[in-house]
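# Analysis of the macromolecular model
Below are the chains, spelled out letter by letter.
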Amino acid sequence: MAATAQNAVGRVKPCRLIDLEQHTDARGSLSVLEAHRVGGFAVQRVYFLHDVAPRASRGAHGHRSLEQIFIAVHGGFTISVDDGFRRERYRLDDPGTGLYVGPMVWRDLSDFTPDAVALVLASLPYDETDYFRDYDAFLTGARDLTGAQGLNSARAHATEATP
Ligand code: TYD
């Protein structure tokens, strides 16, 4: 079962699955995501991951400000999200579903099917200074968000729950 807003990963804005508007008829399906409405941000950048090498992982970083929506427009992949306190794993394999991932969330993408195409809608232009590339630095940032909690406490409290 998907996490509720109260216990979802994401202390700035909770991660959540989004049902895309779908138009299906005898010719096939058309999926629509008006990101400013369902994601709450204006899309400034679009990129997609494809031809992912067998057993390769992507991501392994967090963002200070960036908001994103991930969609498996073809094939599937697993995305693990972690806000320094909680972790969840989502299997995305339906072009009718997106995953919103907000600021201050570490994400790992793995278990791509050979045909997977991961479409990503992003709220800001590419900016390397927005990245946390180091997990310990990310945890320090997550600690600073909530004040009193220490690095070790953040580590100790990170728990995993499969939706
Ligand atoms: P990165 O964000 O690390 O990819 P992933 O998280 O999917 O593993 O980006 C990989 C490389 O691509 C890195 O050199 C930065 C570059 N890049 C851009 O130039 N623009 C972009 O919009 C993105 C997402 C990455």
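Everything here concerns the structure above.
These remarks concern the structure in this document.

About the thresholds
Residues numbered from 1 in each chain as written. Predicted model: local features only at pLDDT ≥ 70, side-chain atom pairs only at ≥ 80, totals over all residues. Near = placed C-beta within 6 Å. Helix = DSSP H or I, 4+ residues; strand = E, 2+ residues; numbered from the N terminus. Nonpolar A, V, L, I, M, F, W, Y, C, P; charged D, E, K, R; others polar. Buried ≥ 20, exposed ≤ 12 C-beta atoms within 10 Å, placed from the backbone. Core = buried A, V, L, I, M, F, W, Y, C linked by C-beta atoms within 7 Å. Contact = placed C-beta atoms within 7 Å. Expected span 1.5 Å × (residues − 1). Arc of directions from axis to C-beta.

## Things to note about the site of the ligand
Close contacts around the ligand come from Arg45, Tyr47, Leu49, Arg58, Gly59, His61 and Tyr126, and that covers them all. Every element with two or more residues in the shell around the ligand is listed here: strand S4 (45-49) and strand S5 (58-63). Class assignment of the residues belonging to the shell around the ligand gives a composition of three nonpolar, two polar and two charged.

## Considerations on unusual backbone geometry
For Met104, which is not glycine, the phi dihedral falls at a positive 55°. The topology assignment puts Met104 in the loop between strand S9 (97-101) and strand S10 (106-110). The phi angle at Asp111 is positive, at roughly 55°, despite the residue not being glycine. Looking at the secondary structure, you find Asp111 in the loop between S10 and strand S11 (117-122). Taking the C-beta count within 10 Å as the criterion, Asp111 has 16 such neighbours and is therefore assigned partly exposed.

## Re the nonpolar core
Nonpolar side chains in soluble globular proteins generally cluster together in the buried interior. Counting residues in hydrophobic clusters, the biggest one holds 29 residues, and the most contacted among them are Cys15, Phe70, Phe77, Ile79 and Leu99. With four residues, the top contributor of residues to this core is strand S6 (residues 68-74). Ignoring anything within four residues of it in the chain, the contact list for Ile79 reads Phe70, Tyr90, Leu92, Leu99, Arg107 and Leu109.

## A word on helix H2 (residues 135-146)
With twelve residues, H2 ought to run about 16 Å at 1.5 Å a step, and its terminal C-alpha atoms sit 17 Å apart, in line with that. For H2, every residue scored as buried is listed here: Phe138, Leu139 and Ala142. Buried residues of H2 fall within an arc of 100° about the axis and therefore sit on the same side. Residues of H2 that are exposed and angled more than 90 degrees away from the buried face: Asp136, Ala137 and Asp144.

Nothing here speaks to function; it is all geometry.
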